[in-house]
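Understanding the architecture of this molecule
One letter stands for each residue in the lines below.
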Number of protein chains: 2
Amino acid sequence: MVKKENLKPDIVSVAKLAGVSVATVSRVMNHPDLVQPSTRKKVEQAIRKCGYIRNRAAQTIHGRRSATIGLVVPTLAYTIFAELVQAFNDTVTDSGFTLLLASHGYDLAAEYQLVRKLLEHRVDALALIGLDHGQDTYRVLREQGVPVLAIWNYAANSEISCIGVDNAEAGRLAANHLLMLGHRSIGTVFPALEDNDRARARKSSAMDRFMSLDAELRPEWQRQTPYSIAEAKVACLDLLDRAERPTALLCGNDVIAQGAIFSALRLGLSVPRDVSIIGIGDFAGSAELEPGLTTVRIPANRIGTAAARQLIKAVDNAADGALLGTRFECELVMRGTTITARPG
Amino acid sequence: MVKKENLKPDIVSVAKLAGVSVATVSRVMNHPDLVQPSTRKKVEQAIRKCGYIRNRAAQTIHGRRSATIGLVVPTLAYTIFAELVQAFNDTVTDSGFTLLLASHGYDLAAEYQLVRKLLEHRVDALALIGLDHGQDTYRVLREQGVPVLAIWNYAANSEISCIGVDNAEAGRLAANHLLMLGHRSIGTVFPALEDNDRARARKSSAMDRFMSLDAELRPEWQRQTPYSIAEAKVACLDLLDRAERPTALLCGNDVIAQGAIFSALRLGLSVPRDVSIIGIGDFAGSAELEPGLTTVRIPANRIGTAAARQLIKAVDNAADGALLGTRFECELVMRGTTITARPG
DNA sequence: AATAGTGATGCAAATGTTTTCATGATAAAT
DNA sequence: ATTTATCATGAAAACATTTGCATCACTATT
């Protein structure tokens, strides 16, 4: 009777095949410099020969590291977080980590469960979007002491490390642009603000600017819609299809702005002649719209890469645990969807 | 001296705190029905009290299951796989699994490395996009015997289970639509075909149709560009900005189609009056374009959900290992970007 | 030639669970 | 009242690694 030769090879069978101890095999994979080149070669050959695939779980359990990093985003729809996720993933992958991804649909209770699940898998580090998170989420992160990073929004007073733009600044830039062009009749289209610090910061700072210059902000021009082109388009059709229209529309992000543009086009309105539209985000594809979308650029790629780098560094120097805040500048990108307001 | 009371709680400390054995604690988490309600309550209380978070790695190592499912996609950019990933992720999450995501940038060598990495983490199942994969990838999947599923393309002769649409059919539908409208001067814009069975199937079946009706397919009307709105727009600007234009453009997917539309608009051409444009995919947002994009619908949501369900089922009935092929129908969606060719 | 130092390797303990098997208690059947 | 069946629980082996410590064979130093 052959003793379980059919089963999946483990480190012991590799060791046997190579004629060394399991310790040596382990070292070949984790500290190759500690083993003599000739033995290393033998072991590597044995690994290939029997098709051995190391078991990360065993490594994880030993308390070393799981070689995984968790990322929790509100949504994967559209391009909202696509560039960010892509850049983040590419960067952690390059460093040998694997990404554990979770999305919660803008539901903080769901987010807590996902965070727990990622912690069960002993992710070496964890990234969340924004700073609005449940009490329980903050608590469990504190207790577990895993390196954690809030991406996308920067706030000086955050209780966890954060990296991103100042969304209040983003809103202000967008609002100022419209005001500077002379617009005083203004509509806004934002998603639900609760549990979404990014949208809240953008909108409230923009509103402050509008009100400080006494812009007209009729209630029927202020809409709420999820981040969805389809739903935004419907909302804006209703907003724009009336005798009295605002001359400009500030949208919570570029996805909503796209919906707004297409609703205007649908109504036979010209953008920007009949209505100016500005977004926030500068998502992939916004530049290529015709006319190009005026928006506030959030450097998603750079943020994603920097976020990943920072977490990887935190994994390496464990126990450091310093609170880091990194602020990226956002920037107005003037393209074709905004124009001077026609004199009243 | 308190013995390591500061360290992270493990199952032993929970057991002590609850006054039961570790076996009972384990059962509370994995087979709650096997333990008496009163003890269960005690244990659950102890778990909450000391903030215990179970260690999935230990479970994985024991050979049970890792509660993870791997998904390898070519890209996360744009909305190409956004709906699919979202649906897939939501479904596996609902069943208690965590998603390990990887993207390889349409590079099959990179894909192999990612697959290996996911196998190191002992994913309970693995999903890939399409049927073009390296020899080594197929081999390692065979050897490991992990449930695997190819998503997005259906082919009767696939050597692994697959679920998706028949991309040749998709190309045929699109081509037929243009031909039916009377178009005989046709341009195509596709990504590189090698290592991309989906694009290859779409294009070759479409070309067959075009040639069978003797359509004019000038070489300068046939372009190759990655799946990128920006790059597609550039390519199409060049394609369309010439004295002799095709009357219709078949695009490899909706992202390319968007680039094509905006390039036409940029050139002052009207879509569909001056040029008809058809995409493939019906991505989120395609319907809301103005005019709405005519395309071939691939039901990404349903495919993603079905794929996840099938893999979960395969995890549950391990050792089954039947080869399954599931074909979803794709369907022409006529919207505003195509119109009858002007007579001769 | 004897000793110290170095570098590669092996042994075995440790990691945090799950599960099989055994045990004891309680309820049901005679 | 005794036997049998059922049920809840515990003890301990098993899982696949990593790593501290010990060992052994050399080389370098005196």
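Residues numbered from 1 in each chain as written. Chains lettered and ligands numbered in written order. Predicted model: local features only at pLDDT ≥ 70, side-chain atom pairs only at ≥ 80, totals over all residues. Heavy atoms only, no water.

Chain A goes by LacI family DNA-binding transcriptional regulator in an unreviewed UniProt entry, where it is assigned to Paracoccus subflavus.

So, about the overall build of chain A. Each helix and strand counted, chain A has twelve helices and twelve strands in total. What you see for chain A is a C-alpha radius of gyration of 26 Å, clearly larger than the 20 Å of a compact globule of 344 residues, by over 25%. Counting all 344 residues of chain A, 57% fall into the buried class. Look at the contacts in chain A between residues 6 or more apart in sequence, and 71% of them connect residues 24 or more apart. For chain A, the exposed surface amounts to about 14500 Å²; the carbon and sulfur share of it is 50%. Across chain A, the mean location of the 40 positive side-chain charges is 9 Å away from that of the 37 negative side-chain charges. (Helix = DSSP H or I, 4+ residues; strand = E, 2+ residues; numbered from the N terminus. Rg over C-alpha atoms; globule rule 2.2 N^0.38 Å. Buried < 20%, exposed > 50% of the residue type's maximum accessible area, 1.4 Å probe, protein only. Contact = heavy atoms within 4.5 Å. Areas by Shrake-Rupley, 256 points an atom, 1.4 Å probe, with all protein chains shown as cover. Lys, Arg positive; Asp, Glu negative; His and termini not counted. Charge placed at Lys NZ, Arg CZ, Asp CG, Glu CD.)

Turning next to the relation of the copies chain A and chain B. With an RMSD of 0.1 Å, chain A superimposes on chain B once it is rotated by 180 degrees and translated 0.0 Å along the axis. Put plainly, the chains are arranged around a two-fold axis. An overlap of 100% is found between the interface residues of chain A and their copies at the interface of chain B, pointing to a shared contact surface. (Least-squares fit on C-alpha atoms with pLDDT ≥ 70 in both.)

Counting residues at the interface gives 55 residues for chain A and 55 residues for chain B. Between chain A and chain B, roughly 4700 Å² of surface is buried when both sides are summed, and carbon and sulfur atoms account for 57% of that area. It is Ile53(A), Glu120(A) and Glu290(A) that lose the most area in chain A upon contact with chain B, and together they represent 15% of the buried surface on that side. Inspection of the chain A/chain B interface yields six salt bridges. Note that Glu120(B) and Arg56(A) form a salt bridge whose closest N and O atoms lie 2.9 Å from each other. Where chain A packs against chain B, one counts 26 residue pairs in polar contact (both at pLDDT 80 or more). At the level of elements, helix H4 (56-61), helix H5 (82-94), strand E2 (98-103), helix H6 (108-120), helix H7 (135-144), helix H10 (229-240) and helix H11 (254-266) of chain A are the ones that each hand at least two residues to the side of chain A that touches chain B. Where E2(A) lies against strand E2 (residues 98-103) of chain B, three bridges are found, and the strand directions are antiparallel. Paired with Leu99(A) across the two strands is Leu101(B), which belongs to E2(B). (Buried area = accessible area lost by both parts, 1.4 Å probe. Salt bridge = Lys/Arg side-chain N within 4 Å of Asp/Glu carboxyl O. Polar contact = N/O pair within 3.5 Å; in protein donor to acceptor, adjacent residues only side chain to side chain. Pairing = 2+ DSSP bridges.)

Turning our eyes to something else, we now look at the protein's contact with DNA strand D. As a structural note, the neighbourhood of DNA strand D is formed by 25 residues, with Ser26(A), Asn30(A), Tyr52(A), Thr24(B) and Thr39(B) the closest of them. Close to the protein, within 4 Å, the atoms of DNA strand D are drawn from sugar and phosphate at a rate of 67%. Within the contact set of DNA strand D, a phosphate oxygen lies 3.2 Å away from a backbone nitrogen or oxygen of Asn55(A). Among the elements of the structure, helix H2 (22-30) and H4 of chain A together with helix H2 (22-30) of chain B are those that each provide at least two residues to the surface near DNA strand D. Among the elements that line the surface near DNA strand D, the one with the most residues is H2(A), at five residues. Looking at the surface near DNA strand D, its residues break down into nine nonpolar, eleven polar and five charged. (Near = heavy atom within 4 Å. Nonpolar A, V, L, I, M, F, W, Y, C, P; charged D, E, K, R; others polar.)

As a structural note, the neighbourhood of DNA strand C is formed by 26 residues, with Thr24(A), Thr39(A), Ser26(B), Asn30(B) and Tyr52(B) the closest of them. Expressed as a percentage, the sugar and phosphate content of the atoms of DNA strand C within 4 Å of the protein is 66%. Contact between DNA strand C and Thr24(A): a phosphate oxygen at 2.4 Å from a side-chain N or O atom of the residue. Between DNA strand C and Gln36(A), the relevant distance is 2.9 Å, taken from a phosphate oxygen to a main-chain nitrogen or oxygen of the residue. Put simply, the parts of the chain that give the surface near DNA strand C at least two residues each are H2 of chain A together with H2 and helix H4 (56-61) of chain B. If you tally residues by element for the surface near DNA strand C, the top one is H2(B), at five residues. Here the residues of the surface near DNA strand C are counted per class, giving ten nonpolar, eleven polar and five charged.

As for its placement among the helices and strands, His177(B) is situated in helix H8 (residues 167-180). There is a polar contact of 2.9 Å between the side chain of His177(B) and the side chain of Thr338(B).

With glycine set apart, most residues show a phi of negative sign, and most peptide bonds adopt trans. Here the bond from Glu290(A) into Pro291(A) is cis, since omega is -5 degrees, no more than 30 degrees from zero. With respect to the element layout, Pro291(A) can be found in the loop between strand E9 (276-278) and strand E10 (295-297). The backbone phi angle of Asp195(B) is positive, close to 65 degrees, even though this residue is not glycine. Considering the arrangement of structural elements, one finds Asp195(B) in the loop between strand E6 (186-190) and helix H9 (197-212).

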